[in-house]
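Letter by letter, the chains look like this.
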Amino acid sequence: MQTEIDNFRIIETPEAAELWFRRSFKDWFDLFFSLLFTGGGVWLTAFVFQRDEMGGGSIVFGVFITIITVLLAADCWSRVVSATGRILWIDKRAKTLTIRPNIFTRRTFPLKAVAGLTSSERGSRPDRLHYIRRSLPRTLRLRLKNGRLVALAYLPTINTFNFGNRYPRTEAIMRAKKVADEMNRLLDAELKREGAAHQRK
């Protein structure tokens, strides 16, 4: 069984339940311009500081541009390392749930330690450009029974170019909630089966 929610795809088989994510055209477009702006910031920073003599105004401007460039680079890096493809899967036989929040990280938890998925606006993304260019992203998170929250995916509420979408924030909130609700349904069903199996034993 497959369920499509915008650029998320949920696949359920007798052995596993998987959450797949792909970048949309808007995501790729936004990533391209994020790289372009970061490169421009690096060039401008180098241009400002390469002069032999700098007055007080030039130093202040150079520091300001450096800060902006660092923020741009952090935002760009978070986009580049965001995972695509299979980002979450439940192994029904091993009774485990594995997540891939970025291209470098993979974490596995026993199903009995997982409370479910949740969506929120608070995240640990190294992106402070929300205060300059966009509002906070919607964050899809894994919630553990010990109270810990693990960031899984970030859904920007505003892209660099909006393509006429007047309500990107509402769209991101609804998309995150739909994904969380559908995955929680599959997770709850698997936990109930596991509980029933333990009772039979």
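Scroll up to find the structure.
Residues numbered from 1 in each chain as written. Predicted model: local features only at pLDDT ≥ 70, side-chain atom pairs only at ≥ 80, totals over all residues. Heavy atoms only, no water.

S.K.: Even after reading the chapter, I still don't get the environment of Lys177, so can you show me in this structure?
M.R.: Note that Lys177 resides in helix H3 (residues 168–200). The spatial distance from the C-alpha of Lys177 to the C-alpha of Ser119 is 6.2 Å, given a sequence separation of 58 residues. (Helix = DSSP H or I, 4+ residues; strand = E, 2+ residues; numbered from the N terminus.)

S.K.: For this particular structure, what's the right way to read the pattern of salt bridges?
M.R.: Close approach of charged atoms allows side chains of opposite charge to pair. Inspection of the entire model under this criterion finds 8 salt bridges. The salt bridge involving Glu12 is made with Lys92; its shortest N-O contact spans 3.3 Å. One end of the pair, Glu12, is in strand E2 (residues 8–12); the other, Lys92, is in the loop between strand E4 (85–91) and strand E5 (96–102), and 80 residues separate them in sequence. Residue Arg79 is joined to Asp75 by a salt bridge in which the shortest nitrogen-to-oxygen separation is 3.1 Å. Pair noted here: Arg79 and Asp75 are both in helix H2 (residues 56–81), with a separation of 4 residues, about one helical turn. The pair Arg79 / Asp75 is uniform in exposure class, with both members buried. Among the charged side chains, a salt-bridge network with shared partners connects Asp30, Asp75 and Arg79. (Salt bridge = Lys/Arg side-chain N within 4 Å of Asp/Glu carboxyl O. Buried < 20%, exposed > 50% of the residue type's maximum accessible area, 1.4 Å probe, protein only.)

S.K.: For this particular structure, what's the right way to read helix H1 (residues 25–49)?
M.R.: The α-helix advances 3.6 residues per turn, and as a result positions three or four apart in sequence lie on the same side. Counted at 1.5 Å a residue, the expected span for H1 with its 25 residues is 36 Å, and the 37 Å between its end C-alpha atoms agrees. Within the span of H1, buried status applies to Asp27, Asp30, Leu31, Phe33, Ser34, Thr38, Gly41, Thr45 and Val48. (Expected span 1.5 Å × (residues − 1).)

S.K.: Would you mind showing me how to read the side chain of Glu190 here?
M.R.: Relative to the helices and strands, Glu190 resides in helix H3. The exposure class of Glu190 is buried, given its relative accessible area of 2%. Within the structure, the side chain of Glu190 is placed 2.9 Å from the side chain of Lys95, a separation counted as a polar contact. Not counting residues within four places of it along the chain, the set of residues in contact with Glu190 comprises Ile90, Lys92, Lys95 and Leu111. (Polar contact = N/O pair within 3.5 Å; in protein donor to acceptor, adjacent residues only side chain to side chain. Contact = heavy atoms within 4.5 Å.)

S.K.: What should I look at first to understand the pairing of E5 in this one?
M.R.: Successive side chains on a regular strand alternate, one facing one side of the sheet and the next facing the other. In terms of burial, E5 is a largely internal element, 7 of the 7 residues being buried. Bridging between E4 and E5 involves 4 bridges; their strand directions are antiparallel. Note on E5: the bridge partner recorded for Leu88 is Ile99. Between E4 and E5, which pair antiparallel and follow one another directly, the connecting turn spans 4 residues, one of which, Lys95, has a positive phi of 60 degrees. Where E5 hands over to strand E6 (residues 105–110), the hairpin turn is made up of 2 residues, counted between the paired strands. (Pairing = 2+ DSSP bridges.)

S.K.: Mind showing me how you'd approach the side chain of Arg23 here?
M.R.: Position of Arg23 among the secondary structure elements: in the loop between strand E3 (16–21) and H1. Side-chain polar atoms of Arg23 contact the backbone oxygen of Arg79, separated by 2.6 Å. In terms of polar contacts, Arg23 uses its side chain to reach the backbone carbonyl oxygen of Ser82, at 3.5 Å. Leaving out residues up to four positions away in the same chain, Arg23 has contacts with Trp28, Leu31, Arg79, Val80, Ser82 and Thr84.

S.K.: What am I meant to see in the environment of Thr105 here?
M.R.: Summarising the element assignment, Thr105 is placed in strand E6. Overall, the relative accessible area of 28% leaves Thr105 in the partly exposed class. Note: C-alpha distance between Thr105 and Val81 (24 residues apart in sequence) is 9.9 Å. When neighbours within four sequence positions are excluded, Thr105 is seen to be in contact with Ile99 and Arg100.

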